[in-house]
Amino acid sequence: MSFLKINVTRLQLQADNEANGHKQLRDIVVAARKDLLLKARSKIIDGGVREQLKEFSQLLTVWLQSAELFSDWLDLRRRSPEFRKKFPKD
């Protein structure tokens with residue numbers, strides 16, 4: 001699931017006042033974050049992919065902490081020198 005799709009789904013659930021759906025989305029994001037962290041710890045993953053997995057898990061952590069601000073925060077993060085150094089193709 002992409003970050004954009006997560007945010008769009010959250011906004012739809014919020015507009016529809018779907019508390020149960022919002023909880024399910026949050027559970028999916030928590031599980032995805034855990035999966036990314038497990039994969040990042042794998043010894044068969046190379047360093048570049050490991051960094052990407054860690055970065056994506058951090059992004060999901062921010063979403064879980066503050067979903068309303070996530071889009072703005074992600075835009076700022078992608079512009080940061082640290083992010084551009086890690087992911088020069090983005």
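Further up the page is the structure itself.
Residues numbered from 1 in each chain as written. Predicted model: local features only at pLDDT ≥ 70, side-chain atom pairs only at ≥ 80, totals over all residues. Heavy atoms only, no water.

Draft legend 1. Fine view of the overall build of the chain. When its secondary structure is counted, the chain shows 5 helices and 0 strands. Each helix (α) and strand (β) of the chain, taken in turn from the N terminus, gives the series α-α-α-α-α. Projected onto its principal axes, the C-alpha coordinates of the chain cover approximately 40 × 30 × 20 Å. Across the 90 residues of the chain, 28% fall into the buried class. Counting contacts in the chain only where the partners sit at least 6 residues apart, residues at least 24 apart contribute 51% of the total. With an accessible surface of roughly 6,600 Å², the chain has 55% of that area assigned to carbon and sulfur atoms. The positive charge centre, built from 18 side chains, and the negative charge centre, built from 12, are 7 Å apart in the chain. (Helix = DSSP H or I, 4+ residues; strand = E, 2+ residues; numbered from the N terminus. Buried < 20%, exposed > 50% of the residue type's maximum accessible area, 1.4 Å probe, protein only. Contact = heavy atoms within 4.5 Å. Areas by Shrake-Rupley, 256 points an atom, 1.4 Å probe, with all protein chains shown as cover. Lys, Arg positive; Asp, Glu negative; His and termini not counted. Charge placed at Lys NZ, Arg CZ, Asp CG, Glu CD.)

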